[in-house]
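Okay, here's what each chain looks like letter by letter:
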Amino acid sequence: MEALPLKEILASLLKEFEAAGVAADVSREHWRQVYESNSLLKEFAPSRIRITEASVSLPLALAQITAPRAQTPMLTSMQLLRLLPASLPLDLRGELAEEAAHFIQKTKRMTFANKKLARTVVSFLAERVRDRKIPDFDPEATWGEMTGKVDKLREDFLNRTNQNPEREALFSYQTEELLKMGSDKITRFDLKIAID
């Protein structure tokens, strides 16, 4: 038994309704011509029946629900290395990025879900730089700029992922197979279709 996504079942149903609409138009045109060619019926018009909506009840057996792997998106050491100011020596930037990455893995505090991500990152890095006397290093300007960059990175990430990942439900819809299943495994999907 092949499981089908619900969207395919619904698409097939809509296609059938469209085909039925075309068949109804062809039939109506045929009868219009018959009426016109018949001297007794010429003054009349064929009856026009219009269906405005249809209700469909589908028996469905849930076969599988696919869902994306749970993830906790975090700042990576490479992102941190790029975010750290160039006024810090390169070897120190690499060291700080690795320390921060280790801190991320251990505490999970530097995730993009953390509204105070920028403050958390900057506080962590500032504490490690404070005791080292770096010439020509302006902590106030440096950390202020980095806070803005982290906020921007977080905002970009959230804007890209603001939609929930699509989950796809796979349903079985073959009458003969459904009849073999227990009724507790079958649900009904009631659908009302407005026909224009």
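Residues numbered from 1 in each chain as written. Predicted model: local features only at pLDDT ≥ 70, side-chain atom pairs only at ≥ 80, totals over all residues. Heavy atoms only, no water.

Before going further, it helps to spend a moment on the overall build of the protein chain. In terms of regular secondary structure, the protein chain is built from 6 helices and 4 strands. With 196 residues in all, the protein chain has 27% of them scored as buried. Per element, the accessible surface of the protein chain, about 14,300 Å² overall, is 52% carbon and sulfur. (Helix = DSSP H or I, 4+ residues; strand = E, 2+ residues; numbered from the N terminus. Buried < 20%, exposed > 50% of the residue type's maximum accessible area, 1.4 Å probe, protein only. Areas by Shrake-Rupley, 256 points an atom, 1.4 Å probe, with all protein chains shown as cover.)

Once that is clear, we can look at the environment of L84. Summarising the element assignment, L84 is placed in the loop between α2 (77-83) and α3 (90-107). Remark: the alpha-carbon pair of L84 and T142, spanning 58 residues in sequence, is separated by 8.8 Å. Leaving out residues up to four positions away in the same chain, L84 has contacts with R93, L96, A97, L125 and M146. (Contact = heavy atoms within 4.5 Å.)

Let us now look at helix α1 (residues 6-37). Taking 1.5 Å per residue, 32 residues should reach 46 Å; α1 reaches 47 Å between its end C-alpha atoms and fits that length. Among the residues making up α1, those that are buried are L6, I9, L13 and Y35. (Expected span 1.5 Å × (residues − 1).)

Evaluation of the coordinates by the stated rule reveals 1 aromatic pair. For the pair F103 and F124, a centre-to-centre distance of 4.6 Å together with 25 degrees between the ring planes defines the contact as stacked. Of the two residues, F103 sits in helix α3 while F124 sits in helix α4 (residues 117-130), which places them 21 residues apart along the sequence. Each member of the pair F103 and F124 is classed as buried. (Phe/Tyr/Trp six-rings, centres within 6.5 Å; stacked < 30°, edge-to-face > 60°.)

In terms of nonpolar packing, the biggest core is built from 27 residues, with L75, L88, V121, L125, W143, M146 and V150 touching the most fellow members. Residue assignment for this core shows that the elements contributing at least two residues are α2, α3, α4 and α5 (139-160). For this core, the element with the most residues is α4, which contributes 8 residues. Ignoring any residue separated from it by four or fewer positions in sequence, one finds V150 in contact with L75, L83, L117, A118 and V121. Core analysis: the next-biggest nonpolar cluster, separate from the first, contains 8 residues, L6, I9, L60 and L191 among them. (Core = buried A, V, L, I, M, F, W, Y, C linked by side-chain atoms within 4.5 Å.)

A few words now on the packing of α4 against α5. Packing of α4 against α5 leaves a shortest axis separation of 9 Å and a crossing angle of 145 degrees. The way α4 lies across α5 gives a crossing that is right-handed. From α4, L117, A118, V121, V122, L125, A126 and V129 reach across to α5, where they touch W143, M146, T147, V150, D151 and R154. Here the residues of the contact of α4 with α5 are counted per class, giving 10 nonpolar, 1 polar and 2 charged. (Axes fitted to C-alpha atoms, helices over the stretch in contact; angles between N-to-C directions. Left-handed = near helix turned anticlockwise from the far one by under 90°. Nonpolar A, V, L, I, M, F, W, Y, C, P; charged D, E, K, R; others polar.)

Roughly 500 Å³ of volume is contained in the largest pocket. Surrounding the largest pocket, 17 residues form its lining, F17, A20, G21, I51 and I195 being those nearest its centre. Secondary-structure elements contributing two or more residues to the lining of the largest pocket are α1 and β4 (186-194). At 8 residues, α1 tops the list of elements feeding residues into the lining of the largest pocket. (1 Å grid on protein atoms, 1.4 Å probe; cavity = no way out; pocket = protein on both sides within 12 Å on 5 of 7 lines; lining within 4 Å. Points joined across faces, edges and corners; volume = space filled by probe spheres on them.)

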